[in-house]
Amino acid sequence: MNGLQNIPSVDEVLSNALIKGYLEEYNREFIVTLIRKAIDELRKEMLSQKLDNSLTRPQLAKLLLEKIERLVEVKTAGTLSKVINGTGVILHTNMGRAPLPKPAIDYMVEMASNYNNLELDLLQGERGSRYSHVEQLLIDITGAEAALVVNNNAAAVMLGLNTLANAKEVIVSRGQLVEIGGAFRIPEVMKLSGARLVEVGTTNKTYLKDFEEAINEETGLLFMAHTSNYKIIGFTEEVKVEELVKLGRTNNLPVMYDLGSGILCDLSKEGLDDEPTVQQCVAAGADIITFSGDKLLGGPQAGIIIGKKEYIEAMKKNQLTRALRVDKLTIAALEGTLIEYLSGKPQENIPVLAMLSIKNDKLHSKAQELLNLLKIELKDNLKVSRIDLVAVEDMVGGGAYPTYYIPGYGVEIKFQGINLEEMAKRLRINTPALVGRLQDDSMLLSVRTLLDGDVEQIPNLINRALG
Ligand SMILES: *Cc1c(COP(=O)(O)O)cnc(C)c1O
């Protein structure tokens with residue numbers, strides 16, 4: 001075990017030129033902690049015989065420096081990394097949902113790098129409201145009376161329930177007691193908000209009379225949730241917004257609709273026509289509508305609440321709003337994205353919508369381009385047995401349109417002499433990471449969700465992972 005004595009001490013390491021350089025760039029305590037960690041690792045490797053005990057002092061010093069270098073690199077890099085999405089799932093919650101439109105990013109950077117009028121009324125020279133910023137834009141686009149933006153749609157639902165129905169009963173159809181990924185469950189959110197859930201109807205059928213019969217003096221709200229991530233098909237019946245609104249009016253009760261994704265423009269040409277747009281829900285009379293900023297809207301994470309002025313005003317006064325408030329970056333990114341809806345070409349300018357509405361021949365030529373580049377890069381690689389252009393089925397994702405498959409194109413790669421799971425892992429830990437779909441014994445890369453520059457990068461990433 002005399003090899004252990006040859007491991008340099010912390011003081012010795014600190015006098016090394018590379019480490020001295022680090023000390024100028026980084027906090028001393030941080031570097032010393034990493035040196036200790038590296039020494040500890042080296043010691044453990046020697047004790048477990050993973051490292052040869054006869055290594056000389058200079059050899060060990062070199063290994064130690066390499067370890068420290070790697071630790072500094074990892075610790076100072078940040079944990080978020082770019083991922084190339086080859087899954088064909090447009091809104092992937094695990095991959096950060098919607099990539100933002102370029103003008104929204106520029107606007108956000110401008111506001112992030114300067115002071116701004118977040119809560120300053122420039123005209124009056126007085127304190128202003130951060131909620132004033134996106135409100136008019138949302139009103140103009142949706143036709144609602146008022147709007148409010150909070151941290152995410154879960155927060156929007158929570159705030160709406162707490163403001164309108166704290167300690168009161170909220171009537172919901174059993175067919176709409178949804179759970180969204182990441183443990184958002186309507187019944188749980190309802191409990192936390194202080195509202196009491198009253199379930200009516202059955203899983204597959206709920207009628208207006210079920211709501212009608214459940215109304216009493218304790219009732220505070222009629223609630224609908226879009227069943228974003230599942231579909232009940234077959235022998236089914238759900239109450240229409242218009243009908244519920246009419247019932248609400250008769251009984252002096254507001255109707256709240258959790259729309260989930262929230263579509264702001266007509267996507268029927270893209271085949272997405274069985275879901276109402278936000279504007280249609282406003283026109284149908286829903287008093288409060290909530291939806292996400294980073295699903296089909298194509299913006300940043302946010303919860304958008306639109307509806308009748310009296311209810312929105314009550315929500316703004318709720319103390320909970322302070323805890324759910326959005327920061328300037330969200331406001332800027334959301335405004336920047338919403339402005340694209342005024343352009344008349346949201347399908348071209350908002351990445352999520354562009355990916356959804358891209359023409360099939362464009363996808364085909366993109367797949368052809370990827371295929372060609374892959375064939376050139378991997379032509380002599382014995383670990384690749386086949387590369388083909390294939391038709392694929394893409395998805396909207398993000399808990400929207402669960403049963404809707406969008407025909408697209410991609411490239412299928414078959415490997416040999418390497419385990420597919422192992423290959424997928426190597427591609428994930430590459431920089432940037434590449435995530436594809438594993439299908440039977442091959443890897444599928446759908447081109448729909450590849451962004452600018454991705455196609456050119458992929459061949460080299462695969463080659464590196466194979467090596
Ligand atoms: C996605 C979704 C939510 C949660 O929205 P977040 O913005 O992720 O908080 C709530 N309700 C429905 C119906 C949804 O689809």
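For the structure itself, look to the data block above.
The paragraphs below set out a description of the structure included in this document. All figures in this text were calculated on a predicted structure; none of them were measured in a lab.

**A short note on the overall build of the protein**
Moving on, step 1. On a plain count of helices and strands, the protein comes out with 19 helices and 18 strands.
Moving on, step 2. The principal-axis extent of the C-alpha atoms belonging to the protein is close to 90 × 55 × 45 Å.
Moving on, step 3. Carbon and sulfur atoms form 50% of the exposed surface of the protein, whose accessible area is close to 23300 Å².
Moving on, step 4. On the protein, the mean spot of the 52 positive side-chain charges and the mean spot of the 62 negative ones are 5 Å from each other.

**Description of the packing of aromatic side chains**
Moving on, step 1. Applying the stated criterion to the full structure yields two aromatic pairs.
Moving on, step 2. Between Tyr22 and Tyr26, the ring centres sit 6.0 Å apart and the planes meet at 55 degrees, which makes this aromatic pair tilted.
Moving on, step 3. Among the residues examined, Tyr22 registers a relative accessible area of 11% and is labelled buried.
Moving on, step 4. Between the aromatic rings of Tyr26 and Phe30, the centroid separation amounts to 5.9 Å while the plane-to-plane angle is 70 degrees, which identifies the pairing as edge-to-face.
Moving on, step 5. Overall, Tyr26 belongs to the partly exposed group, its relative accessible area being 23%.
Moving on, step 6. What makes Phe30 partly exposed here is its relative accessible area of 24%.
Moving on, step 7. Cluster of aromatic residues (ring-pair linked, three or more members): Tyr22, Tyr26 and Phe30.

**Concerning the sheet that holds strand β14 (residues 384-397)**
Sheet strands associate in pairs through backbone hydrogen bonding, adopting either a parallel or an antiparallel arrangement.
Moving on, step 1. In spatial order, the strands read β2-β14-β15-β18-β17; together these five strands make up an open sheet with mixed pairing. On the outer flanks of this sheet lie β2 (89-91) and β17 (437-439), each paired with one strand and no other. Within this sheet the neighbouring strands show an average axis-to-axis angle of 35 degrees, counted without direction.
Moving on, step 2. Pairing between β14 and strand β15 (residues 400-415): twelve bridges, direction antiparallel. Bridge pairing links Ile387 to Ile413 in β15.
Moving on, step 3. On top of the sheet, helix α18 (residues 420-428) reaches β15, β17 and β18 (442-446); it is set at about 40 degrees to β18, its chief contact.
Moving on, step 4. Each of β14, β15 and β18 touches helix α19 (residues 454-466); the most contacted strand, β15, lies at about 60 degrees to it.

**Some remarks on the pattern of salt bridges**
Moving on, step 1. All told, the structure shown has 24 salt bridges when counted by the stated rule.
Moving on, step 2. As a salt-bridge pair, Lys316 and Glu135 come within 2.8 Å of each other at their nearest N and O atoms. Within this pair, whereas Lys316 is found in helix α12 (residues 309-317), its partner Glu135 is found in helix α6 (residues 132-142), the two being separated by 181 residues in sequence.
Moving on, step 3. According to the relative accessible area criterion, Lys316 is partly exposed, its value standing at 26%.
Moving on, step 4. Relative accessible area serves as the criterion here: at 12%, Glu135 is assigned to the buried category.
Moving on, step 5. Close ionic contact of Arg437 with Asp394 constitutes a salt bridge, the shortest N to O distance being 3.2 Å. Of this pair, Arg437 sits in strand β17 while Asp394 sits in strand β14, and the two are 43 residues apart along the sequence.

**Quick word on the sheet that holds strand β9 (residues 196-200)**
Moving on, step 1. The strand order across the open sheet built from seven strands is β5-β13-β12-β11-β10-β6-β9, with neighbouring strands paired in mixed fashion. With one partner strand each, in any of the chains shown, β5 (146-150) and β9 form the two edges of the open sheet. On average, each strand axis in the sheet is tilted by 25 degrees relative to the strand beside it, whichever way the strands run.
Moving on, step 2. Of the strands in this sheet, β5, β12 (288-292) and β13 (303-307) touch α12, which is tilted by about 30 degrees from β5.

**Details of the side chain of Lys67**
Moving on, step 1. Tracing the backbone through its elements, the reader meets Lys67 in helix α4 (residues 57-75).
Moving on, step 2. Beyond its immediate sequence surroundings of up to four residues, Lys67 is in contact with Ala38, Glu41, Leu42 and Glu45.

**A word on the side chain of Gln176**
Moving on, step 1. Topologically, Gln176 is positioned in the loop between β6 (169-173) and β7 (179-180).
Moving on, step 2. Using a relative accessible area of 7% as the deciding quantity, one classes Gln176 as buried.
Moving on, step 3. Polar side-chain contacts of Gln176 include one of 3.0 Å to the backbone nitrogen of Ala225.
Moving on, step 4. Gln176 has contacts with Ile186, Phe223, Met224, Ala225, Thr227, Tyr230 and Glu238, leaving out every residue within four places of it along the chain.

**Concerning the packing of helix α7 (residues 153-165) against helix α8 (residues 186-193)**
Moving on, step 1. Contact pair α7 / α8: the axes reach a minimum separation of 9 Å and the direction vectors enclose 50 degrees. In terms of orientation, α7 lies oblique with respect to α8. The two elements α7 and α8 meet at a crossing, and its hand is right-handed. Where α7 abuts α8, its residues Val157, Met158, Leu161 and Asn162 lie against Val189, Met190, Leu192 and Ser193.

**Some words on α6**
Moving on, step 1. Of all eleven residues in α6, eight are buried; the element is thus mostly enclosed.
Moving on, step 2. Those residues of α6 not exposed but buried are His133, Val134, Glu135, Leu137, Leu138, Ile139, Ile141 and Thr142.
Moving on, step 3. Within two residues after α6, Gly143 carries a phi angle of roughly 85 degrees, on the positive side.

**Let's talk about unusual backbone geometry**
Moving on, step 1. Each neighbour pair has its own omega, and for Thr431 with Pro432 the value is -5 degrees, a cis peptide bond.
Moving on, step 2. Its location among the elements puts Pro432 in the loop between α18 and β16 (433-435).
Moving on, step 3. One non-glycine residue, Gln49, lies in the positive phi region at around 65 degrees.
Moving on, step 4. Following the sequence through the fold, Gln49 ends up in the loop between α3 (28-47) and α4.
Moving on, step 5. Overall, the relative accessible area of 54% leaves Gln49 in the exposed class.
Moving on, step 6. In the Ramachandran plot, Ala167 falls in the positive-phi region, its phi being about 65 degrees despite a non-glycine side chain.
Moving on, step 7. With respect to the element layout, Ala167 can be found in the loop between α7 and β6.

Cut-off values and rules
Residues numbered from 1 in each chain as written. Predicted model: local features only at pLDDT ≥ 70, side-chain atom pairs only at ≥ 80, totals over all residues. Heavy atoms only, no water. Helix = DSSP H or I, 4+ residues; strand = E, 2+ residues; numbered from the N terminus. Areas by Shrake-Rupley, 256 points an atom, 1.4 Å probe, with all protein chains shown as cover. Lys, Arg positive; Asp, Glu negative; His and termini not counted. Charge placed at Lys NZ, Arg CZ, Asp CG, Glu CD. Phe/Tyr/Trp six-rings, centres within 6.5 Å; stacked < 30°, edge-to-face > 60°. Buried < 20%, exposed > 50% of the residue type's maximum accessible area, 1.4 Å probe, protein only. Pairing = 2+ DSSP bridges. Axes fitted to C-alpha atoms, helices over the stretch in contact; angles between N-to-C directions. Contact = heavy atoms within 4.5 Å. Salt bridge = Lys/Arg side-chain N within 4 Å of Asp/Glu carboxyl O. Polar contact = N/O pair within 3.5 Å; in protein donor to acceptor, adjacent residues only side chain to side chain. Parallel < 35°, antiparallel > 145°, perpendicular 65-115°, else oblique. Left-handed = near helix turned anticlockwise from the far one by under 90°.

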